[in-house]
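Next come the chains, spelled out residue by residue.
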Amino acid sequence: MNVVDRFLQYVKFDTQSDELTNMTPSTPGQMIFAQHLENELRELGLDDISLDDNGYLMATLPANTDKAGIPTVGFIAHLDTSPDLTGRHVSPRIVENYAGGDITLNAEKGIVLSPSEFPELNNYIGQSLIVTDGNTLLGADDKAGIAEIITAIAYLKEHPEIKHGPIRIAFNPDEEIGQGAHKFDVKRFGADWAYTMDGGEIGELEYENFNAAVAKVTFTGRNVHPGYAKHKMINSIRIANQFAIMLPRWETPEHTEGYEGFYHLISIEGTVEKTVLTYIIRDHDRDRFERRKKEFEHLTRKINKEFPGVASLEIKDQYYNMREKIEPLSHIIDIAIQAMKNADVTPKVVPIRGGTDGAQLSFMGLPCPNIFAGGLNFHGRYEFVPIPSMEKATDVIVEIARLVAER
């Protein structure tokens, strides 16, 4: 089975995560998918296969050389897909040899994947693309990564002339809700370092990510009959709106790129008596990140000076920039770069404008940069993945295994 066949099979599993269930995995579909993968790994003849009650699946491809001192390298991908759009009844389609121009995903609903809105399509003219039917996300994030890892492991088993050391693989739940590493047993995994196959377009190599926090600001109002409300009513919705417009207008996701951080209002729930604003705070620079959190504290005090006791703030750090853990181990980046070059892929070392399980794992003692899986437009109906990108990602995994043993 090749990487495309695996991927088309995997996306049929409904594995959306759900942060409201307070379970691990957060949805039953993830465990069903993990059990399917467990059976596939057994059929491949891997060792040390384990699937725990929380949906963490691990396995080993033993070394095929007696050379001493080869480090154990790991490859990791996540089982879940984003809760931003349904992943049920995914119906993928292959656009053979994309000729450019618009791709009609759903004629009945007028849903079109167009280079006028997604100019990156122009980079893949002449390649075969896997797209959605416009009703669901595709799930390349991160089922492309899973397909690539398993296909690479199968290839290494079939080609014993490629010498490699011990290789550990792991598939975990709930990355999309920020909990993928929470119950990851780094000691049991036992790798010296690992790579998450969870990046975007071909060539991406990432070892910098946002520092991240979530902020919840609660405004408590007082409701009275609006006809008699003068000097009595405290409208929490209006005060919450006042808070929101006090934050810098241009420091939002739609106005930032590269290393620029932001404040992102992700939800508003409100009545006159109570309104809650939920933000995510992001910045690559740790000092600026801390200043952003201080800004929330400052604005909360400012609101409370005008409306005493109305606003309360809760801030929780989510993860930190893994750069400080990866940079002292530059050889693991060098190996990935050389592997890409050996696979005729041009490396693109870029900062992640988000986070991966690798960021949390790096702070748990498992250095873990992120490598491209090939997909684009994640988390929505316009998601697509070029087939050659998945094939190259598979080649990169094989090359990393070979280079680690060679060095």
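An account of the accompanying structure is given in this report. Just so you know, these numbers come straight off a predicted model, no measurement behind them. (Residues numbered from 1 in each chain as written. Predicted model: local features only at pLDDT ≥ 70, side-chain atom pairs only at ≥ 80, totals over all residues. Heavy atoms only, no water.)

This brings us to the sheet that holds strand E12 (residues 262-270). Here 4 strands make up an open sheet; going across it, the order is E12-E13-E11-E14 and the pairing antiparallel. One side of each edge strand has no neighbouring strand; the edge strands of this open sheet are E12 and strand E14 (311-319). The average undirected angle you get between the axes of adjacent strands in this sheet is 15°. As judged from the 10 bridges shared by strand E11 (residues 211-220) and strand E13 (residues 274-283), these two strands associate in the antiparallel manner. Looking at E13, one finds that alanine 213 is bridged to isoleucine 281. Sitting on the sheet, helix H5 (residues 236-246) touches E11, E12 and E13, and the angle it makes with E13 is about 15°. Contacts between helix H6 (residues 286-306) and the sheet are confined to E11, E12, E13 and E14, with E14 contributing the most and set at about 165° to the helix. (Pairing = 2+ DSSP bridges. Helix = DSSP H or I, 4+ residues; strand = E, 2+ residues; numbered from the N terminus. Axes fitted to C-alpha atoms, helices over the stretch in contact; angles between N-to-C directions. Contact = heavy atoms within 4.5 Å.)

For the rest of this paragraph, the subject is the sheet that holds strand E4 (residues 93-95). Pairing within the open sheet is antiparallel, and its 3 strands lie in the order E4-E7-E17. Of all the strands in the sheet, just E4 and strand E17 (384-386) have a single pairing partner and so form its edges. Direction aside, neighbouring strands of the sheet carry axes that sit 25° apart on average. Here E4 runs beside strand E7 (residues 129-131); their pairing, made up of 3 bridges, is antiparallel. The partner of valine 95 across the bridge, within E7, is leucine 129.

You can see asparagine 209 is positioned in the loop between strand E10 (204-206) and E11. At 2.9 Å, the side chain of asparagine 209 and the backbone nitrogen of methionine 322 are in polar contact. Ignoring anything within four residues of it in the chain, the contact list for asparagine 209 reads His284, Tyr319, Tyr320, Asn321, Met322, Ile352, Gly354, Gly355 and Ala359. (Polar contact = N/O pair within 3.5 Å; in protein donor to acceptor, adjacent residues only side chain to side chain.)

Residues threonine 24 and proline 25 are joined by a peptide bond in cis, for which omega reads -5°. As for its position among the elements, proline 25 is in the loop between helix H1 (3-10) and helix H2 (28-44). In the segment running from aspartate 141 into aspartate 142, the intervening peptide bond is cis, with an omega of 15°. Topologically, aspartate 142 is positioned in helix H3 (residues 140-158). Look at histidine 89: it is not a glycine, yet its phi comes out positive at around 60°. The phi torsion at asparagine 377 lies on the positive side, around 60°, for a residue other than glycine. For asparagine 377, the location among the structural elements is in the loop between strand E16 (370-372) and E17.

Looking now at the pattern of salt bridges. For the structure shown, the criterion picks out 18 salt bridges. Of the charged contacts in the structure, one is a salt bridge between aspartate 317 and lysine 293, with a shortest N-O distance of 2.9 Å. Of this pair, aspartate 317 sits in strand E14 while lysine 293 sits in helix H6, and the two are 24 residues apart along the sequence. Taking relative accessible area as the criterion, aspartate 317 reaches 28% and is therefore assigned partly exposed. Between arginine 402 and glutamate 406 there is a salt bridge whose closest N-O contact spans 2.8 Å. With arginine 402 and glutamate 406 both in helix H10 (residues 387-406), this residue pair falls 4 residues apart, about one helical turn. Look at arginine 402 and you get partly exposed, because its relative accessible area is 25%. Taken together, the shared-partner salt bridges in this structure form one network comprising Arg286, Glu290, Lys293, Asp317 and Glu324. (Salt bridge = Lys/Arg side-chain N within 4 Å of Asp/Glu carboxyl O. Buried < 20%, exposed > 50% of the residue type's maximum accessible area, 1.4 Å probe, protein only.)

Turning our attention to the packing of aromatic side chains. The tally for this structure, following the rule as stated, stands at 14 aromatic pairs. Summarising the aromatic geometry, the rings of phenylalanine 210 and phenylalanine 262 are spaced 5.4 Å apart at their centres and angled 85° between planes, so their arrangement reads as edge-to-face. Separated by 52 residues along the polypeptide, phenylalanine 210 in the loop between E10 and E11 and phenylalanine 262 in strand E12 bring together distant segments of the chain. Centroid distance tyrosine 279 to phenylalanine 296: 5.1 Å. Interplanar angle 80°. Geometry classified as edge-to-face. Residue tyrosine 279 is located in strand E13, and its partner phenylalanine 296 is located in helix H6; the two are separated by 17 residues in the primary sequence. Here tyrosine 279 falls in the buried class, since its relative accessible area comes to 3%. The exposure class of phenylalanine 296 is buried, given its relative accessible area of 0%. Ring pairing ties together the aromatic residues Phe219, Phe243, Tyr263, Tyr279 and Phe296, which thus form one cluster. Positioned above the aromatic ring of phenylalanine 33 is the side chain of lysine 143, whose terminal nitrogen or guanidinium carbon lies 5.4 Å from the ring centre. The lysine or arginine in question, arginine 292, covers the ring of tyrosine 263, its NZ or CZ lying 4.8 Å from the ring centre. (Phe/Tyr/Trp six-rings, centres within 6.5 Å; stacked < 30°, edge-to-face > 60°. Lys NZ or Arg CZ within 6 Å of the ring centre and 35° of its normal.)

So yeah, pure geometry; function would need other evidence.
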